Structure formats: C-alpha cells, structure tokens
Amino acid sequence: ILNVEQSPQSLHVQEGDSTNFTCSFPSSNFYALHWYRWETAKSPEALFVMTLNGDEKKKGRISATLNTKEGYSYLYIKGSQPEDSATYLCASWGGQGGKLIFGQGTELSVKP
Amino acid sequence: ETGVTQTPRHLVMGMTNKKSLKCEQHLGHNAMYWYKQSAKKPLELMFVYNFKEQTENNSVPSRFSPECPNSSHLFLHLHTLQPEDSALYLCASSQAQLNSYNEQFFGPGTRLTVL
C-alpha cells in the first residue's frame, strides 16, 4: 500500500450504537500513526498518536489499536453520541521526509 | 480553540488577483505547515517550515508562494490562480518537524474560491 486508506468513507449510526473504522497504511519504514477528529466548520484536533505495535490508546468512549506489522489501525467509538459526528482522519508518519500522509477520512453521522 | 488562527476564513478571488493567506500560532511551536484539501480528497501537504526554514515543497506550482517571517507566522501568497485551485487551505503547527509523535495543531482553514 503506497497510500493511507480509510474505510468506510461514511457511516450513519443511531445514538447508542458502537462503531469502528479502519485505517490501512504502509507497514514498511513506519514511525507513527495519528488519528484526528474534524468537526464541520472547526479545526482538526488530534485524538491519538501511536507508535508501537500492539499499542492501544483510549480517550473516554474512543479507543484505537495499532498493528504495524500488517499496517492497520482501528478506531472504536463505544455508545456513539450525536456530538461524535465528525470526520475522523488517520495519517501515517512513515519517514517520507518527515511528513504526515493522510487518508481521505471516515465521515461519521450519529442520529439521535 | 487549537491555538492556531487563520485569516481570512473565506476568500473569493479572480484569476488575476493577488491575495495572501495568514496563519498565526500561539503555541511556541517551531514547525508550520500549509495543507490543501480539495473536494473528496485527502489533506495534501504543500509546504513545511522548520525553525523558519522551508524544508518541504511538495511540487507546488509557483503561483503559490509561502513566507515564514518568524516561527509564529506563516503566509501563503497567491498570484494568478486557476479555478482548480479552489479548495480549503489549512495551516498547522507542531513542536518540530522531524519528530513523528508530535501531533499537529490545525487552524480552521481558509475556504478559497477562484473565479
């Protein structure tokens, strides 16, 4: 994989549902994987930065896991709330001259 | 508030105009970035400045000209743009460029429309 890919592109869930999305990235020459949350009309904000294979991070109802050997990360949201509605971006820092390569994002919509 | 501000938030310009986008960060960071997001595409890095020195130009056309007078301010000068340059332009900053675990702090972006 030369690019960072996210799936699904969009997701519509009901309030209270748990959900997860995937980020695939080049596993060779890996340094770090970033997750950002981007609400409409606001700035993207960092959720997690993960570097170690098997790493798992948690912030409230949101958690993320990392598999650097196979090149994927999962983001989980437990008990989705309408305020979780946003685009979730992942980005790989893979030694490409010190820059982040972003995926196209997963747009989450949580209906009350 | 992320500590990164951008002005203007919206800009409409003709192809012969010259305009500038401004970014300011109040976080004491040493690296600043310009990104472009076109519709339905990933964020695309344009330029990086690390300690006021340009360290990355991601094959950006010369009609986009960055300027970084100090570590807190970043400009993007626009000249003779094309309609396909219409996009959201995001500024970001981080502690330093060559540190993979430094999260980036983004501004809210400038929505640019080129007529």
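Higher on the page you've got the structure.
**Student:** I keep staring at the packing of aromatic side chains and nothing clicks. Help me out?
**Tutor:** Aromatic ring pairs are defined here through the distance separating the ring centres and the angle between the ring planes. Summed over all chains, the structure comprises 12 aromatic pairs over all chains. Aromatic side chains A:Tyr36 and A:Phe102 sit 5.9 Å apart centroid to centroid with 45° between the ring planes, which places their arrangement in the tilted category. With A:Tyr36 in strand 4 (residues 32–38) and A:Phe102 in strand 10 (residues 100–102), this pair connects stretches of sequence that are 66 residues apart. Looking at A:Phe102, the relative accessible area reads 3%, which means it is buried. For the ring pair B:Tyr35 and B:Phe106, a centre distance of 5.6 Å and an interplane angle of 45° mean the geometry is tilted. Here B:Tyr35 is found in strand 4 (residues 31–37), whereas its partner B:Phe106 is found in strand 10 (residues 105–106), with 71 residues between them in sequence. Members of the aromatic cluster, each reached through a chain of ring pairs, are A:Tyr36, A:Phe102, B:Tyr33, B:Tyr35 and B:Phe106.

**Student:** Looking at this structure, I do not really get the interface of chain A and chain B. What am I missing?
**Tutor:** Where interface size is given, it is often the accessible area lost as the parts come together that is meant. Contacts between the two partners involve 22 residues from chain A and, on the opposite side, 22 residues from chain B. With both sides pooled, the region where chain A packs onto chain B buries about 1700 Å², and carbon together with sulfur makes up 60% of that total. Taken as a group, A:Trp38, A:Lys99 and A:Phe102 account for 28% of the area that chain A buries against chain B, more than any other trio of residues on that side. Put simply, A:Lys99 and B:Glu56 hold a salt bridge, and the shortest N to O gap is 3.2 Å. Inspection of the region where chain A meets chain B yields 5 residue pairs in polar contact (both at pLDDT 80 or more). Counting residues per element, the ones that place at least two in the side of chain A that touches chain B are strand 4, strand 5 (45–50), strand 9 (86–93) and strand 10 of chain A. When residues in the side of chain A that touches chain B are grouped by element, the largest group, 4 residues, is from strand 4 of chain A.

**Student:** Just to check I follow, could you spell out the sheet that holds strand 3 (residues 18–25) of chain B for this structure?
**Tutor:** Strand pairing in a sheet relies on backbone hydrogen bonds, with the paired strands running either antiparallel or parallel. Residues and elements named next belong to chain B. Spatially, the 4 strands line up as an open sheet ordered 1-3-8-7, and their pairing is antiparallel. Where the open sheet ends on each side, the last strands, each with one partner, are strand 1 (4–7) and strand 7 (64–70). Looking at each pair of strands side by side, their axes are set apart by 20° on average, direction ignored. Relative to strand 3, strand 1 runs antiparallel, the two being bridged by 4 bridges. If you follow Gln6 over to strand 3, its bridge partner there is Cys23.

Calculation notes
Residues numbered from 1 in each chain as written. Chains lettered and ligands numbered in written order. Predicted model: local features only at pLDDT ≥ 70, side-chain atom pairs only at ≥ 80, totals over all residues. Heavy atoms only, no water. Phe/Tyr/Trp six-rings, centres within 6.5 Å; stacked < 30°, edge-to-face > 60°. Helix = DSSP H or I, 4+ residues; strand = E, 2+ residues; numbered from the N terminus. Buried < 20%, exposed > 50% of the residue type's maximum accessible area, 1.4 Å probe, protein only. Contact = heavy atoms within 4.5 Å. Buried area = accessible area lost by both parts, 1.4 Å probe. Salt bridge = Lys/Arg side-chain N within 4 Å of Asp/Glu carboxyl O. Polar contact = N/O pair within 3.5 Å; in protein donor to acceptor, adjacent residues only side chain to side chain. Pairing = 2+ DSSP bridges. Axes fitted to C-alpha atoms, helices over the stretch in contact; angles between N-to-C directions.

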